[in-house]
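# Summary of structural features
Listed below, chain by chain, are the residues.
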2 protein chains.
Amino acid sequence: MTATTHTRAAAEVTALPATRPSRVVVEPVRPVVDGGRFPAKATVDEPVVVEADVFADGHDQVTAALRYRRLDDGQDRGWTEVPMTSLGNDRWQARFVPDQLGRWEYTVHGWIDQFASWHHGIRAKSFDGQDVTVEYEVGRRLLSQIQADHDRDRRVLADAADALARGELGAVDQPELLAAVARHQQREPLATLAAPLPLRVERLRAQFGAWYEFFPRSTVTPARPGSPQRPGTLASAVGRLDHIAGMGFDIVYLPPIHPIGATRRKGRDNAVEAAPGDPGSPWGIGSPAGGHTAVDPDLGTIDDLVALNAACRERGLELALDIAFQCSPDHPWVSEHPTWFRHRPDGSVQYAENPPKRYQDIYPLDFESDDWRHLWLALRGVFTHWIDHGIRAFRVDNPHTKALPFWEWAITTLLDEHPDLIFLSEAFTRPRVMQRLAKVGFTQSYTYFTWRQNAWELREYFEELAGPTVDFLRPNLWPNTPDILTAELQTSGRPAFVTRAVLAATLGPSWGVYGPAFELGEHRPVRAGSEEYLHSEKYEVREWDLDQPGSLARLLGRLNRIRRNEPALRRLDTLHFHGVDNPWLLAYSKTDPAGRGDPVLVVANVDHHEAHAATVDIDWAALGLPTGARYRLVDQLGGATYEWSGRDRNHVHLSPWSVSAHVFTVSLAEPEPGSESHG
Amino acid sequence: MTATTHTRAAAEVTALPATRPSRVVVEPVRPVVDGGRFPAKATVDEPVVVEADVFADGHDQVTAALRYRRLDDGQDRGWTEVPMTSLGNDRWQARFVPDQLGRWEYTVHGWIDQFASWHHGIRAKSFDGQDVTVEYEVGRRLLSQIQADHDRDRRVLADAADALARGELGAVDQPELLAAVARHQQREPLATLAAPLPLRVERLRAQFGAWYEFFPRSTVTPARPGSPQRPGTLASAVGRLDHIAGMGFDIVYLPPIHPIGATRRKGRDNAVEAAPGDPGSPWGIGSPAGGHTAVDPDLGTIDDLVALNAACRERGLELALDIAFQCSPDHPWVSEHPTWFRHRPDGSVQYAENPPKRYQDIYPLDFESDDWRHLWLALRGVFTHWIDHGIRAFRVDNPHTKALPFWEWAITTLLDEHPDLIFLSEAFTRPRVMQRLAKVGFTQSYTYFTWRQNAWELREYFEELAGPTVDFLRPNLWPNTPDILTAELQTSGRPAFVTRAVLAATLGPSWGVYGPAFELGEHRPVRAGSEEYLHSEKYEVREWDLDQPGSLARLLGRLNRIRRNEPALRRLDTLHFHGVDNPWLLAYSKTDPAGRGDPVLVVANVDHHEAHAATVDIDWAALGLPTGARYRLVDQLGGATYEWSGRDRNHVHLSPWSVSAHVFTVSLAEPEPGSESHG
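Residues numbered from 1 in each chain as written. Chains lettered and ligands numbered in written order. Predicted model: local features only at pLDDT ≥ 70, side-chain atom pairs only at ≥ 80, totals over all residues. Heavy atoms only, no water.

### Considerations on the pattern of salt bridges
Scanning all chains against the criterion turns up 114 salt bridges over all chains. One salt bridge connects R436 of chain A with E27 of chain B, and the closest N-O pair in it is separated by 3.0 Å. Of the two residues, R436 of chain A sits in helix α13 (residues 431-440) while E27 of chain B sits in strand β1 (residues 24-30), which places them in two different chains. (Salt bridge = Lys/Arg side-chain N within 4 Å of Asp/Glu carboxyl O. Helix = DSSP H or I, 4+ residues; strand = E, 2+ residues; numbered from the N terminus.)

Right, here's the structure in full:
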């Protein structure tokens, strides 16, 4: 038996690899969602920060590169490569800016860098005074072996090899040579990820936007002599848009606009029986006038909706509709598609319930129906119907009570056709379900922010949102909704509204308010212990006087203006909390990875009843600033300018009786003798 | 176009799933290593705790089951199923005890439990006083639809259905019925993991053992009148075994036993040149007498090793060899296989270096050699050689300077043939590399424990070891090694040795000492600022008087006895830290998931210079005990018994001048009037 035969036999027994594997290991760190089972979320024209662990045995130098490409319609563009930077401890980072919507993918390459290893060695040995004669020859051979495929690089490499032969080390420090080596040096055997990792690139509004919710029927036409007061319509809602645009909001979101059922309609303040004239809940969808593809005749027509959408766009606003996949007993589907609903042995349709709670005015759809294919197609068709009428943003009601695989299928196929769609998940449910909805495709998610009120619990929650879930769950922070008037807002007065708005607008790349009620500080619950509003607009028409002197409109406008001016506020992944020695205060910062604009630092007092003083211990490096310098802090909210020292803790004092937060932009101070330190 | 054709066409466009997917999601939590790329580690006859997130949309009840099986030689045994228990928040848990070594796998099944959902609903509605007539009929139909394949279950189901028809609800609470439903209820469509997750089941010593290292050549035959003192041999080392077994150690580990090179041999205290008669370092492997498969003639023969191994086994000990894949310049491979080494342009063999450091007495092997196949096979052959001579445990020297893919291939193929092998990785290197070595197959790892000395850093480090890495990295804790005499041991006297031993023996399922030097409290460094021992045994023969009165042998024996008595100390995954209001103290507990033995609670003072008092805030639930009770704590180290109250914080006082730690077993106290509370 020859040596070769012997090796082959032994190799079979012991499964020796067919070719020598790379000594380098590449392990993905982020962005990655369940090992690549779901795409990570990214935003067009916004930097994607990629991190990986890349390392090998021993002391050789390792080099890593990020490669990315867009996947459009199965036709692959080539890969673009960017070198990665070592962050220490075997972690490498690079970033790129996707320039188009749609499906992208990335991978990471790692290899032993022979030239860098040699370079590091000869430098260290020279510095140590060792004889490096032989190392010069090692370097010369390394350079000679590099195969360059264009003339200039060939010459650069040859010249450097000659210089080494003459004992001149300086030549190998030239950027031109290093570039030629990087371009042509052997990388085989190369280490890479098991498979490229998927990204879904969406538009800026997917990540970053300010939402404003209102009920069109509450854009009441005031009573005038001779003509009675009339409930608002889609047409009268146009008159509200300048007000909303003036406050700097980006997205106008309407509760469902469909015909409302009459059977078992709820009355004012959720009364079990409606009184004559009660308009019913917009979420009780469907009447003989139509279902999810129709417009409530009391609100107007589809043309009115198209006109409202156009009026929004004229003002730089975007219109979002509410999609609630449930039916009133009068919905046409109940008779047209009885198999889409569960029936009880007595022949009745199964109403919604969470035993012992009963929602007899609502019929849930049966996602496990034998006719699930037609049902799923019809539901997807609701989206395409409104997409065909120009809508691109949807707030989805209670998606956690609908089958998760339905959402994965519907959203994925819709996004593949229309990559500019936005789906906001209104799932106030358990964390795993909320997270899964985000993974299967929902663009944004309502969160527990509404109930996180202490400084420590806000910090804990946002360290999770900016950490483990940041690659797939984009929070949209709402201080209130038509369903949720928190005890904090009920009892803590204007300071609570102000602080919650500041937190939502600066912690969240996306935030929103249930508009008129928030602007006007509406705080009356339907009864003690309830989070429902008294005279909830869900069940009745409300007339709001938006010009009240106490309105928060100016504050909201200022917050949204700061958001537009500061690119750092578009990000969640750079959120960093800083030390503060008072449990009522919260200090956090955001930066833009591409360095557009200044870092933003927020210090907020979450006690709405007492003023608090504290010293803050800012991690200036986390702001991308040198430590120990002097910094200029401009409070974009309050207007004042401060100078803080990086050598000391700095002092803040925040009172609920003015605005209880600073929203600073931070830069290095010019050395200005005589400037005062204050906070 | 018919409706069916329409649907089919639409389904193609929108990629509607071929069959209706399960509404349930199953996401693995643990044990899982890199999504299944590597097997998680488990131990025969020790419970494996499996956790998964299992959930669905809406309010239906979900049920989950764990399924596991052994994979032996490609022939699959059937799956065994155990029901999982809900831990709340969508997390489910089950455990099983693998009964054989080798490769196993597990998966998790999840499904909507129609019967449980109905049962929950009818109970809640009845309690609420609602009319449940229709629900009885729903339940009857559910039971009637269940297809049972054996007679008794069919009868049980039919009887219960009849009872429901009569309006009797009690029948559906019977365990016999619930078992029949569980056995036969429809689970389709079923949710499961994308693929089963691999486990490698190893023997108890892989997870749990006490190691003792000594140099056979230091088992010196004392000088007697008429015969000179002679260095020890493998034969004389047998005389040391009773002492080691008497202290309760499990594994005896010897530094390399191979012929030692003469060329560039290091002298005493690492002198660059050896003096005549200097024995050289056992890690300078290879001489004309042989290489990695030979025994140093000064130590004896292979037969002597086999005899030593047998002598170990007679005493319940196991022998571990040190495998160091590096060569002295005199190693036979240097001339027989020149291509296994790198050569410099001047023709010399490249010695080991970490520029500017040089190790000219050591030639590293070139894992990227063109002849890598023969090299890898030869290295694997070193293991099989010693395996053939009865060795099953190997301590591997500096594996992080050898190619990682080599280890993955070698260890995997060796374990497939010999599932009882143990490989201890001596990689004091960066975390990612250390972790990767554990992932690719090393059974156990040396750790940073040696340098974690403050209470907070011990807690932080062990929360990582018992958390993110617990499924693949099994720490083996060494207070000292022949290479590492920490500053703490140099300067803090006996209390440091005692406390480090207690921490290592109770924090680590595996621990070890470099024996004689530790027992005798050897603390002299070769020079100030060095972690090397003065008169290191690496370079000279030492004679130890193990019968010194100050020896720690009794303490080590007591620690190992506690370890053998308390199954909780076999585990790392149940490690839990408790509150203590003094930064010098550490309080932690371990429990056995199968409930064998009592929980163990350790309170240790890591200040070797001062006594400290503190109150401890024990999380009794983490010990599996009811909170607010009275507990009996027996200090297995100190011997005293205490009674602690679950309603108060309890007091401890620990002084370095006695044993500065309690190692309690904890149980519920009998209500004994007059018993004292004290700590």
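Okay, back to it.
### A word on the side chain of E46 of chain A
Residues and elements named next belong to chain A. Among the secondary structure elements, E46 is positioned in the loop between β2 (40-43) and β3 (48-56). Within the structure, the side chain of E46 is placed 2.8 Å from the side chain of R570, a separation counted as a polar contact. What E46 contacts, discounting residues up to four positions off in sequence, is F96, V97, P98, L204, Q207, R570, R571, D592 and R596. (Polar contact = N/O pair within 3.5 Å; in protein donor to acceptor, adjacent residues only side chain to side chain. Contact = heavy atoms within 4.5 Å.)

### Description of the sheet that holds strand β26 (residues 600-605) of chain B
Hydrogen bonds between backbone atoms are what pair the strands of a sheet, whose relative direction is either parallel or antiparallel. All names here are of chain B. Strand order in the open sheet formed by 8 strands is β29-β28-β31-β26-β25-β24-β27-β30, with antiparallel pairing between adjacent strands. Two strands lie at the open edges of the sheet, namely β29 (641-645) and β30 (650-654), each paired on one side alone. When the angles between neighbouring strand axes are averaged without regard to direction, this sheet yields 35°. Across 5 bridges, the pairing between strand β27 (residues 612-617) and β30 is antiparallel. Considered in β30, the bridge of A613 is made with H653. Most of the contacts of helix α16 (residues 493-507) go to strand β25 (residues 585-590), to which it runs at about 25°, and overall it touches β24 (576-580), β25, β26 and β31 (661-668). (Pairing = 2+ DSSP bridges. Axes fitted to C-alpha atoms, helices over the stretch in contact; angles between N-to-C directions.)

### Brief notes about the pairing of strand β4 (residues 62-72) of chain B
Residue and element names in this part refer to chain B. Most of β4 is tucked away, with 10 of its 11 residues classed as buried. When β4 meets strand β9 (residues 102-112), the two strands line up antiparallel, connected through 10 bridges. By the bridge assignment, L66 is partnered in β9 with V108. Two strands pair when backbone bridges link them, and β4 and strand β6 (residues 80-83) are joined in this way by 4 bridges, in the antiparallel orientation. From the neighbouring strand, L66 faces β6, where its bridge partner is V82. (Buried < 20%, exposed > 50% of the residue type's maximum accessible area, 1.4 Å probe, protein only.)

### What to know about unusual backbone geometry
P189 of chain A follows E188 of chain A through a cis peptide bond whose omega is -10°. Along the chain, the position of P189 of chain A falls in the loop between α5 (175-184) and β10 (191-192). Cis geometry is found at the peptide bond from P355 of chain B to P356 of chain B, where omega equals 5°. Mapping P356 of chain B onto the fold places it in the loop between β16 (352-354) and β17 (357-359). The backbone of D269 of chain B sits at a positive phi, close to 50°, despite the residue not being glycine. Secondary-structure assignment places D269 of chain B in the loop between β13 (251-254) and α9 (302-314). Among the residues examined, D269 of chain B registers a relative accessible area of 27% and is labelled partly exposed. At H535 of chain B, a position not held by glycine, the phi torsion is positive, near 55°. With respect to the helices and strands, the residue H535 of chain B is situated in the loop between α17 (515-519) and α18 (553-565). A residue is classified by how much of its surface remains accessible, and H535 of chain B, at 32% relative accessible area, is partly exposed.

### Concerning the sheet that holds β3 of chain A
A sheet is described by the order of its strands in space; here 4 strands give the open sequence β1-β3-β8-β7 (chain A), paired in antiparallel fashion. For this open sheet the edge positions go to β1 (24-30) and β7 (85-88) of chain A, each flanked by a neighbour on one side alone. For this sheet, the mean inter-axis angle between neighbouring strands, taken without regard to orientation, is 35°. With respect to the sheet, helix α13 (residues 431-440) of chain B is in contact with β1, β3 and β8 (91-96) of chain A, its orientation differing from that of β3 of chain A by roughly 70°.

### Topic: the domain arrangement of chain A
All names here are of chain A. Along its sequence, chain A is carved into domain 1 (211-321 + 371-565) and domain 2 (570-668). For domain 1 versus domain 2, the distance between C-alpha centres works out to 31 Å. Tallying the contact residues gives 28 residues for domain 1 and 27 residues for domain 2. Our enumeration of links across domain 1 and domain 2 arrives at 0 salt bridges. Counting residues per element, the ones that place at least two in the side of domain 1 that touches domain 2 are α14 (455-465), α15 (487-491), α16 (493-507) and α18 (553-565). Per-element accounting of the side of domain 1 that touches domain 2 gives the leading share, 8 residues, to α16. Among the residues making up the side of domain 1 that touches domain 2, the classes are represented as 17 nonpolar, 7 polar and 4 charged. (Domains from an automatic or database assignment. Nonpolar A, V, L, I, M, F, W, Y, C, P; charged D, E, K, R; others polar.)

### Details of the packing of aromatic side chains
Residues and elements named next belong to chain A. Across all of its chains, the model carries 76 aromatic pairs over all chains by this definition. Judged by centre distance (6.5 Å) and plane angle (85°), the ring pair of F423 and F442 falls under edge-to-face. In this pair, F423 sits in strand β20 (residues 422-426) while F442 sits in the loop between α13 and β21 (444-446), placing the two residues 19 residues apart along the sequence. Site record: aromatic cluster; members linked through ring pairs are F325, F367, W372, W376, F383, F394, F406, W407, W409, F423 and F442. The cationic tip of R500 hangs over the ring face of F449; the distance from NZ or CZ to the ring centre is 4.1 Å. (Phe/Tyr/Trp six-rings, centres within 6.5 Å; stacked < 30°, edge-to-face > 60°. Lys NZ or Arg CZ within 6 Å of the ring centre and 35° of its normal.)

### With respect to the interface of chain A and chain B
Facing 70 residues of chain A, the contacting portion of chain B comprises 70 residues. When the two sides are added together, the surface that chain A and chain B hide from each other amounts to roughly 6200 Å², 58% of it contributed by carbon and sulfur. The interface formed by chain A and chain B holds 16 salt bridges in total. The shortest N-O distance in the salt bridge between E368 of chain A and R20 of chain B comes to 3.4 Å. There are 24 residue pairs in polar contact (both at pLDDT 80 or more) connecting chain A and chain B. When grouped by side-chain class, the residues that make up the side of chain A that touches chain B number 27 nonpolar, 16 polar and 27 charged. (Buried area = accessible area lost by both parts, 1.4 Å probe.)

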